[in-house]
Amino acid sequence: MSKKLLLGVNVDHVATLRQVRGTSYPDPVEVALLAEKAGADYITMHLREDRRHIQADDVLRLKQLQTTYLNLEVAITDEMLDFAVDVSPQDCCLVPEKREELTTEGGLDVANQLDLVKKAVDKLHKANIRVSLFIDTDIDQIQAAADSGAKVVEFHTGHYADAPAEDKERYLNNLTDGFALADKLGLLVNAGHGLTVENVSSVAQIEYVKELNIGHSIVARSVMVGIEQAVSEIREAMGLGFVN
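Residues numbered from 1 in each chain as written. Predicted model: local features only at pLDDT ≥ 70, side-chain atom pairs only at ≥ 80, totals over all residues. Heavy atoms only, no water.

Peer 1: Would you explain the overall build of the protein chain in this entry?
Peer 2: Across its full length, the protein chain carries eleven helices and eight strands. Radius of gyration (C-alpha) of the protein chain: 17 Å, near the 18 Å computed for a compact globule of 244 residues. For the C-alpha atoms alone, the extent of the protein chain along its principal axes is close to 45 × 40 × 35 Å. For the protein chain, the residues scored as buried account for 51% of the 244 residues in total. Here the contacts in the protein chain between residues at least 6 apart in sequence split such that 67% fall between residues at least 24 apart. A total accessible area of about 11,200 Å² is found for the protein chain, and carbon and sulfur atoms account for 48% of it. Each charge sign in the protein chain was given a centre, from 24 positive and 39 negative side chains, and these centres are 3 Å apart. (Helix = DSSP H or I, 4+ residues; strand = E, 2+ residues; numbered from the N terminus. Rg over C-alpha atoms; globule rule 2.2 N^0.38 Å. Buried < 20%, exposed > 50% of the residue type's maximum accessible area, 1.4 Å probe, protein only. Contact = heavy atoms within 4.5 Å. Areas by Shrake-Rupley, 256 points an atom, 1.4 Å probe, with all protein chains shown as cover. Lys, Arg positive; Asp, Glu negative; His and termini not counted. Charge placed at Lys NZ, Arg CZ, Asp CG, Glu CD.)

Pasting the structure below:
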């Protein structure tokens, strides 16, 4: 591929496995460091309000030990924003969050809470943290994201990933159109959610996308082959090649 495409590896579900038994293992920080060795360009952690997987200490330890950089996902609450400012990750992605959901089900509704989002973006920018907004490929949401002052959007690819084969092309076209509009508005375009070795190639080839953020499929595959092999396989599917 001619463009430089980056891979972010989300290690939340390593912590999910740990929390099921309340043990100290597996350690998401240890896995994150192995993922970096295998070619991850950055590591993502989502500190949820209910602490169902990643804990605050995981974030703090990773920030001290990692060799790439941290993309911290948080909801727009005073607690989470204050934590982000204290930790000072390079990137902070603002996401919607519902306690009853298994995983993030859709994009942030920026259009209907623009003032709230603007305040959050401004607070993080003042702390020299680059802000991204996790949104759907909806015209109003993309325009609102640009109006919020955020520099980056991460598009929710779950609808494409979960679509039956006969609908894949339609969802892929929706992503392509959304990516193009965001790029036209001056936003850096990232994407993630539900991406796997089997479906990532088409998204990776879209002209405007700069970073793909992938977690669950990598962690699931690592149970069979180890995290370094799992990261290498997703890199290969993205057209990035193996890291020796």
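Peer 1: How do you make sense of the packing of helix H4 (residues 78–87) against helix H5 (residues 114–126) when you look at a structure like this?
Peer 2: The relative placement of two packed helices is expressed as an angle between their axes plus a distance between the axes. Where H4 contacts H5, the axes come no closer than 9 Å and their chain directions differ by 15 degrees. The angle between H4 and H5 places the two elements in the roughly parallel class. Remark: the crossing between H4 and H5 carries right-handed chirality. On the side of H4, the interface is formed by Leu-81, Asp-82, Ala-84 and Val-85, while H5 contributes Ala-120, Lys-123 and Leu-124. (Axes fitted to C-alpha atoms, helices over the stretch in contact; angles between N-to-C directions. Parallel < 35°, antiparallel > 145°, perpendicular 65-115°, else oblique. Left-handed = near helix turned anticlockwise from the far one by under 90°.)

Peer 1: Before we go on, may I ask you to explain the nonpolar core in this structure?
Peer 2: For soluble globular proteins, nonpolar side chains are generally found buried alongside one another. Within the largest apolar cluster, 70 residues are counted, with the highest numbers of intra-cluster contacts made by Val-9, Leu-94, Leu-133, Phe-179, Val-203, Leu-212 and Ile-214. Ranked by residue count, the leading element in this core is helix H11 (residues 227–238), at six residues. Beyond its immediate stretch of four places on either side in the chain, Val-9 contacts Ala-35, Ala-40, Tyr-42, Ile-43, Thr-44, Asn-213, Ile-214, Ile-218 and Val-231. (Core = buried A, V, L, I, M, F, W, Y, C linked by side-chain atoms within 4.5 Å.)

Peer 1: Whenever I open this one, helix H1 (residues 12–21) confuses me. Can you help?
Peer 2: Along an α-helix, residues three or four apart share an orientation, since each turn contains 3.6 residues. Taken as a whole, H1 has its buried residues at Asp-12, Val-14, Ala-15 and Arg-18. All buried residues of H1 project into a common sector of 155 degrees when viewed along the axis, lining one side. What points out from H1, more than 90 degrees from its buried face, is the exposed set Leu-17, Val-20 and Arg-21. Tucked inside the fold, the buried residues of H1 contact strand S1 (6–10), helix H2 (28–37), strand S2 (42–46), helix H3 (56–65) and helix H10 (216–225). Downstream of H1 by a residue or two, Gly-22 has a phi angle that is positive, lying close to 70 degrees. (Arc of directions from axis to C-beta.)

Peer 1: Sorry, what's going on with H10 here?
Peer 2: Of the positions making up H10, those classed as buried are Ser-217, Ile-218, Val-219 and Ser-222. Looking at the packing, one finds that the buried side of H10 touches S1, H1, strand S8 (209–214) and H11. Directly beyond the C-terminal end of H10, a positive phi value near 90 degrees is found at Gly-226.

Peer 1: Explanation requested: the sheet that holds S2 in the structure shown.
Peer 2: Hydrogen bonds between backbone groups are what pair the strands of a sheet, and the pairing can be parallel or antiparallel. In space, the eight strands of this closed barrel follow the order S1-S2-S3-S4-S5-S6-S7-S8, with parallel pairing throughout. Neighbour-to-neighbour, the strand axes of the sheet open up by a mean angle of 25 degrees, direction not taken into account. Bridging between strand S7 (residues 188–192) and S8 involves four bridges; their strand directions are parallel. Looking at the pairing, Ala-191 lines up with Leu-212 of S8. Sheet strands touched by H11: S1 and S8. Its angle to S1, the strand with the most contacts, is close to 145 degrees. (Pairing = 2+ DSSP bridges.)

Peer 1: Just to check I follow, could you spell out the environment of Glu-97 for this structure?
Peer 2: When you line up the elements, Glu-97 lands in the loop between strand S4 (91–94) and H5. With 61 residues separating them along the chain, Glu-97 and Gly-158 place their C-alpha atoms 15 Å apart. Ignoring sequence-local partners within four residues, the contact set of Glu-97 consists of His-46, Leu-47, Arg-48, Glu-49, Asp-50 and Ala-75. Of note is the side chain of Glu-97, whose polar atom sits 2.9 Å from the side chain of His-46. (Polar contact = N/O pair within 3.5 Å; in protein donor to acceptor, adjacent residues only side chain to side chain.)

Peer 1: Just checking my understanding: could you explain empty space enclosed by the protein for this structure?
Peer 2: Empty space among the atoms becomes apparent when a probe as large as a water molecule is rolled across them. The tally for this structure, following the rule as stated, stands at one cavity of 30 Å³ or more. As for the largest cavity, its lining consists of Tyr-42, Asn-71, Asp-91, Cys-93, Ser-132, Glu-154, Asn-190 and Glu-211. In the lining of the largest cavity, the residues fall into two nonpolar, three polar and three charged. (1 Å grid on protein atoms, 1.4 Å probe; cavity = no way out; pocket = protein on both sides within 12 Å on 5 of 7 lines; lining within 4 Å. Points joined across faces, edges and corners; volume = space filled by probe spheres on them. Nonpolar A, V, L, I, M, F, W, Y, C, P; charged D, E, K, R; others polar.)

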